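Topology and contacts: notes
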Amino acid sequence: GHGSQCLPRTLMLRHYADCLCLVQRPVREVESLRSGKFRIVNARVSEANQKLRDAGTKGEVYEFEAELEPGKADEIGFRLRKSKEAEKLVGFDAGHSEVYLDRTNSGKITFSNNFPGRFSARLEQSASIELHVFVDRSGVQAFVNESEGVLTDPNYRPPRSDASAGDGRGRR
């Protein structure tokens with residue numbers, strides 16, 4: 001959603017090759033809300049999904065950080081707020097060098113023609129990206145590459161849609 005903001009954020013200026021840009025990241029105080037850590041390192045999508053299933057990780061409110069290396073996949077990412085009827089996707093499209101949030105299959109979306117869609121932020125060319133994602137009952141916020149890109153999207157989802165899974169598609 002345009003202009004929606006669920007987490008308090010810190011604003012700062014960052015130098016890039018061609019500009020001085022305003023960037024944002026979650027305030028440090030958010031770290032005090034963390035409880036229970038789960039870590040997956042150097043895993044393929046299928047391995048990460050199996051570890052998530054084995055650990056029984058579920059919940060409507062969570063935070064995760066991931067470094068994605070798409071390799072030969074065209075896209076790589078996560079299915080968020082997944083249920084039998086709906087899901088929201090956040091990921092990286094290597095071919096277009098952009099991070100995206102896709103809500104075309106995110107539940108009851110017929111209330112507006114403008115709601116369903118895939119929204120993206122272009123990134124500097126990179127072999128990998130870092131995602132820092134916050135999911136709660138009100139929305140999804142994804143901070144990319146130390147705030148190079150930020151995507152925020154409200155949740156209009158059924159309350160029991162709480163699973164997440166990795167997703168990798170296509171070959172270049």
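In short, a report on the structure. (Residues numbered from 1 in each chain as written. Predicted model: local features only at pLDDT ≥ 70, side-chain atom pairs only at ≥ 80, totals over all residues. Heavy atoms only, no water.)

1. Topic: the sheet that holds strand E10 (residues 149–154)
What counts here: Strand pairing requires that DSSP identify at least two bridges connecting the strands. By definition, any uninterrupted DSSP run of H or I lasting at least four residues is a helix, any uninterrupted run of E lasting at least two residues is a strand, and each is numbered from the N terminus. For helices, the fitted line uses only the C-alpha atoms of the stretch in contact; every axis is such a line through C-alpha atoms, and the angle between N-to-C directions lies from 0 to 180 degrees.
Taken in spatial order, the four strands make up an open sheet running E3-E8-E9-E10, and their pairing is antiparallel. With one partner strand each, in any of the chains shown, strand E3 (62–68) and E10 form the two edges of the open sheet. Averaged over all neighbouring strand pairs, the angle between strand axes comes to 15°, with direction disregarded. One ladder, built from five bridges, connects strand E8 (residues 129–135) with strand E9 (residues 139–144); its direction is antiparallel.

2. Focus on the side chain of His-132
What counts is decided by this rule: Residue burial is assigned from relative accessible area. The probe radius is 1.4 Å, only protein chains are included, and a residue is buried under 20% of its type maximum, exposed over 50%, and partly exposed in between. Note on definitions: a residue-residue contact is assigned when non-hydrogen atoms from the two residues lie within 4.5 Å.
Mapped onto the elements of the fold, His-132 is located in strand E8. Since its relative accessible area comes to 16%, His-132 is described here as buried. Ignoring any residue separated from it by four or fewer positions in sequence, one finds His-132 in contact with Arg-34, Glu-63, Phe-64, Glu-65, Gln-141, Ala-142 and Phe-143.

3. Describing a nonpolar patch on the surface
As a reminder, the rule being used: To count toward a patch, a residue needs a relative accessible area over 30% and no salt bridge; like charges are then connected within 9 Å, while nonpolar side chains (Val, Leu, Ile, Met, Phe, Trp, Tyr) are connected within 5 Å. Using a 1.4 Å probe, the Shrake-Rupley method yields the accessible areas, and only the shown protein chains count as cover for residues. Whenever Lys or Arg places a side-chain nitrogen within 4 Å of a carboxyl oxygen from Asp or Glu, that contact is recorded as a salt bridge.
A grouping of Leu-11, Leu-13, Leu-20 and Leu-22 is seen on the molecular surface, where their side chains present a nonpolar patch of about 440 Å² in accessible area. Positionally, Leu-11 belongs in strand E1 (residues 9–15). Accessibility expressed as a relative area gives 56% for Leu-11, which makes it exposed.

4. Concerning the state of the cysteines
Let me state the cut-off plainly: Whenever a pair of cysteine sulfur atoms sits within 2.5 Å, that pair is classed as a disulfide.
Enumeration according to the criterion identifies one disulfide in this entry. Between the sulfur atoms of Cys-19 and its disulfide partner Cys-21 the distance amounts to 2.4 Å. Because the torsion about its S-S bond is -75°, the bridge between Cys-19 and Cys-21 counts as left-handed. Assessed through its relative accessible area of 29%, Cys-19 is described here as partly exposed. When its relative accessible area of 25% is taken as the criterion, Cys-21 is described as partly exposed.

5. Some points on the pattern of salt bridges
Here the structure, examined in full by the defined rule, presents five salt bridges. Among the salt bridges present, the one from Arg-79 reaches Glu-87, with a minimum N-O distance of 2.8 Å. Among the residues examined, Arg-79 registers a relative accessible area of 22% and is labelled partly exposed. Owing to a relative accessible area of 12%, Glu-87 belongs among the buried residues under this scheme. Here Asp-153 makes a salt bridge to Lys-88, at a shortest N to O gap of 2.7 Å. Taken together, the residues span a long stretch of sequence, with Asp-153 in strand E10 and Lys-88 in strand E5 (residues 88–93) at a distance of 65 residues. The network of salt bridges with common partners includes Glu-75, Asp-93 and Arg-118.

6. Some words on helix H1 (residues 45–55)
Each α-helix winds once per 3.6 residues, and so residues spaced three or four apart point in a common direction. Spelled out, the test is: Regarding the arc, it is the one traced by the directions from the helix axis to the C-beta atoms.
Here H1 has its buried residues at Ala-48, Asn-49 and Leu-52. Projected down its long axis, H1 shows its buried positions confined to an angular sector of 100°, all on one face. Set apart from the buried face of H1 by more than 90 degrees, the exposed residues are Ser-46, Arg-53 and Asp-54.

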